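Architecture and fold: a report
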Amino acid sequence: MLDPSTNDTGKFAQNWTAEILKTPPLIAPTRQFIYPQRIAGEEDTLARGALQLMVHPTGGDTFLATCALGFTNSTMPTGVFACPNLQQMCAVAGGYAYIVDTIQPERCTHIEMKPVVEVRPIVAQGLLLFVGFHSMIAWSASGIAWETARLSWEGVRVTGVEGNTLHGMGWNLLTDREVAFQVDLLTGHHQGGGFAQPSQPQKS
């Protein structure tokens, strides 16, 4: 069984387990689900490959989840993460993130950020954080909690969490340097970052 991701911020409780399959199962379960589910513009995603998971919910029926890869680049994250809602599973496949209700697997949310380049549990605030190239999205037990404004021209780096404040760095195109930012984990509002436009001199 796969023990979903942990890091220095801890991990969420869960009432399911999942196995990452290297090959399709010889005997497939009755219940099978493919993600994303008929989204316009995503018709060819499975042609890029897929992450296949055998999911075992506590008190529910086992099912096979086939999660289409967003990108084939090996630097894009792929894995399984516990969520603030212990019944939900986050599957990340080549930078595409899917939040699946393990009791009702037909209920799946495809996180709009493409790609997700890092997934970080923030247990104290009950958030699963998705980090992209320009911004971040926080998922709570009841759904999306907030999304930051743009933090960087290209590339967001999280450096740590202190209380309700997340610290990171964002790249500024005009100076070719990283600029520190802070995000309020309760609201998603930020200060600093590399996307700040230079102030225009006032006309006299």
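Because the structure is predicted, anything quoted here is derived from the model rather than measured. (Residues numbered from 1 in each chain as written. Predicted model: local features only at pLDDT ≥ 70, side-chain atom pairs only at ≥ 80, totals over all residues. Heavy atoms only, no water.)

Turning next to the overall build of the chain. For the chain, the count of helices and strands is zero helices and 16 strands. For the chain, with 204 residues in total, the buried portion stands at 44%. Across the chain, contacts joining residues at least 24 apart in sequence account for 47% of those joining residues at least 6 apart. Of the roughly 10,700 Å² of accessible surface on the chain, 51% is carried by carbon and sulfur atoms. (Helix = DSSP H or I, 4+ residues; strand = E, 2+ residues; numbered from the N terminus. Buried < 20%, exposed > 50% of the residue type's maximum accessible area, 1.4 Å probe, protein only. Contact = heavy atoms within 4.5 Å. Areas by Shrake-Rupley, 256 points an atom, 1.4 Å probe, with all protein chains shown as cover.)

On to the packing of aromatic side chains, then. All told, the structure shown has four aromatic pairs when counted by the stated rule. Consider the rings of Phe71 and Tyr96, whose centres lie 6.0 Å apart with planes at 90°: the pair is edge-to-face. With Phe71 in the loop between strand 4 (63–68) and strand 5 (79–82) and Tyr96 in strand 7 (residues 96–101), this residue pair connects regions lying 25 residues apart in the sequence. (Phe/Tyr/Trp six-rings, centres within 6.5 Å; stacked < 30°, edge-to-face > 60°.)

Our focus in this paragraph is the pairing of strand 15 (residues 177–184). Bridge count between strand 14 (residues 165–172) and strand 15: eight bridges; the pairing is antiparallel. The partner of Met169 across the bridge, within strand 15, is Ala180. Taken together, strand 14 and the strand that follows it, strand 15, pair antiparallel across an intervening segment of four residues, in which Asp176 is found at a positive phi of about 55°. Note that strand 15 and strand 16 (residues 190–192) share three bridges and pair antiparallel. Bridging across to strand 16, Val183 finds its partner in His190. (Pairing = 2+ DSSP bridges.)

So, on to the pairing of strand 13 (residues 156–162). The pairing of strand 13 with strand 14 spans six bridges and is classified as antiparallel. Each bridged residue has a counterpart across the sheet, and for Val161 the counterpart in strand 14 is Leu166. Here strand 13 hands over to strand 14 after two residues, with Gly163 in that stretch at a positive phi of 65°.

This part is about the sheet that holds strand 3 (residues 50–57). Read from one edge to the other, the open sheet built from four strands follows the order 1-3-4-2, with strand pairing classed as mixed. If you trace the sheet from one side to the other, it starts and ends with strand 1 (16–21) and strand 2 (31–35), each paired once. Taking each pair of neighbouring strands and ignoring which way they run, the sheet shows an average axis angle of 25°. Bridge count between strand 1 and strand 3: six bridges; the pairing is antiparallel. Pairing of Glu19 across the sheet is with Met54, part of strand 3. (Axes fitted to C-alpha atoms, helices over the stretch in contact; angles between N-to-C directions.)

Here we take up the side chain of Thr148. Along the chain, the position of Thr148 falls in the loop between strand 12 (143–147) and strand 13. By relative accessible area, Thr148 is classed as buried at 5%. In contact with Thr148, other than residues within four places in its own chain, are Ser135, Met136, Val183 and Gly188.

Take the state of the cysteines next. All chains considered together, the criterion is met by zero disulfides. Unpaired in terms of disulfides, Cys67 finds its nearest cysteine sulfur in Cys108, a separation of 7.0 Å. Free cysteine Cys83: the closest other cysteine sulfur is in Cys90, separated by 5.2 Å. We classify Cys83 as buried; its relative accessible area is 0%. (Disulfide = S-S within 2.5 Å.)

On the secondary structure map, Gly143 appears in strand 12. Gly143 sits in the buried class, given a relative accessible area of 9%. Considering only alpha carbons, one finds Gly143 and Asn85, 58 residues apart in sequence, at a separation of 9.1 Å.

Another aspect to go through is the sheet that holds strand 5. Pairing in this open sheet of four strands is antiparallel, and the strands run 5-6-7-8 from one edge to the other. Either end of the sheet is taken by a strand with one partner, and the two such strands are strand 5 and strand 8 (108–110). Neighbouring strand axes in the sheet, compared pairwise and without regard to direction, differ in orientation by 20° on average. In terms of strand pairing, strand 6 (residues 88–93) meets strand 7 through six bridges, oriented antiparallel. In the sheet register, Met89 faces strand 7, and the bridge partner there is Val100.

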